[in-house]
Amino acid sequence: MENMGRAFVLKTLLKLTEIRKSFGAVKALKGVSFELRAGEVHALLGENGAGKSTLIKVMTGAHRPDGGIMELGGEEVSGLTPVRAQELGIACIYQQPALFPDLSVMENIGLRLEKVGIFHRVKWAMWRRKAEELLGQIGAEISPEAEVRSLSMPEQQLVEIACALGSGARIVIMDEPTASLTQKEQHLLFQVVRNLRAKGVGVVYISHRLEEIFALADRVTVLRDGESVGTNAVDGLNEAQMIRLMVGRDVETIYPTAEEEPGEVVLEVKNLACAESGLEGMSFQVRAGEVFGLAGLVGAGRTELARVLFGITPADGGSFSLNGKTVEIRSPREAISHGIAYVPEDRRRHGVVLEMAVAENITMASHRRWFKAGILRGGVETEAAQSFVEALGIKLSSPAAPGGSLSGGNQQKVSVARWLATQPKLLILDEPTQGVDVGAKGEIHRLVRELAKEGLAVLMISSDLPEIIGMSDRVGVMREGRLVEIFDNAHAEQVMAAALGSGEVAR
Ligand SMILES: Nc1ncnc2c1ncn2[C@@H]1O[C@H](COP(=O)(O)OP(=O)(O)OP(=O)(O)O)[C@@H](O)[C@H]1O
Ligand SMILES: [Mg+2]
């Protein structure tokens with residue numbers, strides 16, 4: 001409601017009508033219409049593979065649509081290219097910003113603005129002033145002189161936003177921008193988005209986190225299977241309605257519970273330390289059939305611990321035993337041979353092999369299983385891949401399709417499937433449901449619980465507090481490279497307090 005008084009609110013910036021786009025036999029967009037107004041945050045919501053990223057790639061000129069009309073400020077545009085889109089004031093903030101790493105922030109900003117004709121000559125003082133002003137406008141505490149290489153991904157995103165703002169972008173598009181942000185960075189980004197909106201910029205915002213959409217968006221357009229289910233004011237919807245629009249049915253958001261007592265200790269860690277990862281004095285156990293959750297703020301050392309357990313950065317102190325036997329794990333190969341599987345967090349970089357078939361991507365880590373007497377049992381391998389495709393609802397044209405043809409969320413499911421297929425004793429999951437839609441999230445939860453029931457020990461890292469509490473039998477909380485607390489029956493407030501450091505008083 002707060003926006004209704006603004007004069008520019010009703011002005012349509014961008015209008016897409018009946019946009020169609022196919023990739024071979026896959027109809028990614030089957031006639032989608034979409035309208036973006038000045039001064040609104042318009043969320044795009046939909047299951048993995050629904051067509052969200054494809055639609056925004058049409059808006060930025062990265063994909064040429066097969067049909068349909070695109071109008072900008074009331075005028076039809078055709079043959080849009082990324083360069084032309086930029087000139088027309090359409091900016092897209094990618095998760096992996098395309099900045100020059102060796103140049104400073106102000107050089108990056110200056111070059112970008114120069115390219116669109118704002119500056120015509122190299123003027124250092126002007127570049128610095130402009131960079132300062134733009135960074136200031138979005139509230140980013142980044143020095144104009146800092147080398148881009150030294151900035152974190154989210155800081156680079158902010159530099160991109162500053163560039164967009166400086167080049168006079170009227171439309172800013174963000175595709176899952178918060179996937180790897182800390183709480184603080186997320187707050188800052190939200191503030192930046194609100195500032196852009198207040199300036200009359202139209203923001204297209206894609207996220208699978210419904211709470212973000214409620215916090216930020218004015219309207220939401222829901223895509224399902226390449227079609228638009230409709231556009232609604234966010235104010236008029238609750239979470240259940242939004243999910244229903246997205247998946248076309250009600251989704252249980254109840255977490256599966258453990259039915260049996262956990263069994264033997266599978267992993268025991270005593271006084272584990274790793275100087276390189278900043279970990280110290282970590283002691284805990286994970287039993288067969290148990291889901292041990294690891295909570296903590298981003299940067300608390302959870303991913304570092306996972307990497308130590310998997311042998312990527314081997315420990316330099318303490319002891320480590322699996323099924324009662326002391327082991328040393330100095331490499332991922334050793335970890336795998338001991339029955340440890342690790343689904344890493346940053347699946348965009350460490351996950352799916354884009355050129356390789358989906359089926360092979362799923363079975364590549366479990367090749368041993370598909371050999372009998374030295375002969376590859378191809379049929380069994382394909383069947384296994386197919387069963388994971390079904391269990392996780394991976395959306396694809398064929399298991400032979402390359403990994404790179406899947407949508408982002410479906411690629412994540414493939415990387416989870418790969419490690420589940422190894423039938424490990426200990427499964428380490430780092431943010432397993434990040435970027436995954438609500439329906440698939442429930443599937444992954446059920447699968448993890450089922451695996452635990454079959455005797456697997458699970459160590460799960462998640463920044464999603466309801467998820468970690470709902471899924472875990474016990475929750476360990478990390479802070480600054482240490483395990484500060486282990487809860488049998490965790491409550492959100494306790495976990496937060498321990499993660500922030502206010503819980504230590506009680507110990
Ligand atoms: N370059 C491509 N080649 C072949 N198929 C593609 C390509 N890009 C997308 N697709 C297919 O188009 C459909 C829509 O994909 P898109 O990436 O738009 O989904 P999305 O809604 O962004 O999903 P997610 O939430 O998982 O990111 C999917 O079936 C996907 O496999
Ligand atoms: Mg996408």
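Above this text sits the structure in question.
Residues numbered from 1 in each chain as written. Chains lettered and ligands numbered in written order. Predicted model: local features only at pLDDT ≥ 70, side-chain atom pairs only at ≥ 80, totals over all residues. Heavy atoms only, no water.

1. Quick word on the sheet that holds strand E2 (residues 26-37)
- Pairing within the open sheet is antiparallel, and its 4 strands lie in the order E2-E1-E4-E5. A strand with exactly one partner marks an edge of an open sheet, and here the two such strands are E2 and strand E5 (75-77). Each strand axis lies, on average, 25° off the axis of its neighbour in the sheet, ignoring direction.
- Examined bridge by bridge, strand E4 (residues 67-72) and E5 share 3 bridges and lie antiparallel to one another. (Pairing = 2+ DSSP bridges. Helix = DSSP H or I, 4+ residues; strand = E, 2+ residues; numbered from the N terminus. Axes fitted to C-alpha atoms, helices over the stretch in contact; angles between N-to-C directions.)

2. Observations regarding the pattern of salt bridges
- All chains considered together, the criterion is met by 20 salt bridges.
- When the shortest N-O distance is used, the salt bridge between Glu280 and Arg482 registers 3.5 Å. Note that Glu280 is positioned in strand E12 (residues 279-287) and Arg482 in strand E22 (residues 482-487), a separation of 202 residues in sequence.
- The partner of Glu443 in a salt bridge is Arg446, with the nearest N and O atoms 3.1 Å apart. Of this pair, Glu443 and Arg446 both sit in helix H15 (residues 438-453), 3 residues apart, roughly one helical turn.
- We classify Arg446 as partly exposed; its relative accessible area is 38%.
- Each of Glu35, Arg37, Glu40 and Arg219 takes part in one network of salt bridges that share partners. (Salt bridge = Lys/Arg side-chain N within 4 Å of Asp/Glu carboxyl O. Buried < 20%, exposed > 50% of the residue type's maximum accessible area, 1.4 Å probe, protein only.)

3. Focus on the packing of aromatic side chains
- As enumerated under the stated definition, the model contains 3 aromatic pairs in all.
- With a centroid separation of 5.4 Å and 50° between ring planes, the pair formed by Phe310 and Tyr342 is classed as tilted. Separated by 32 residues along the polypeptide, Phe310 in the loop between helix H9 (302-309) and strand E14 (317-322) and Tyr342 in strand E16 (residues 340-343) bring together distant segments of the chain. The same class applies to Phe310 as to Tyr342, namely buried. (Phe/Tyr/Trp six-rings, centres within 6.5 Å; stacked < 30°, edge-to-face > 60°.)

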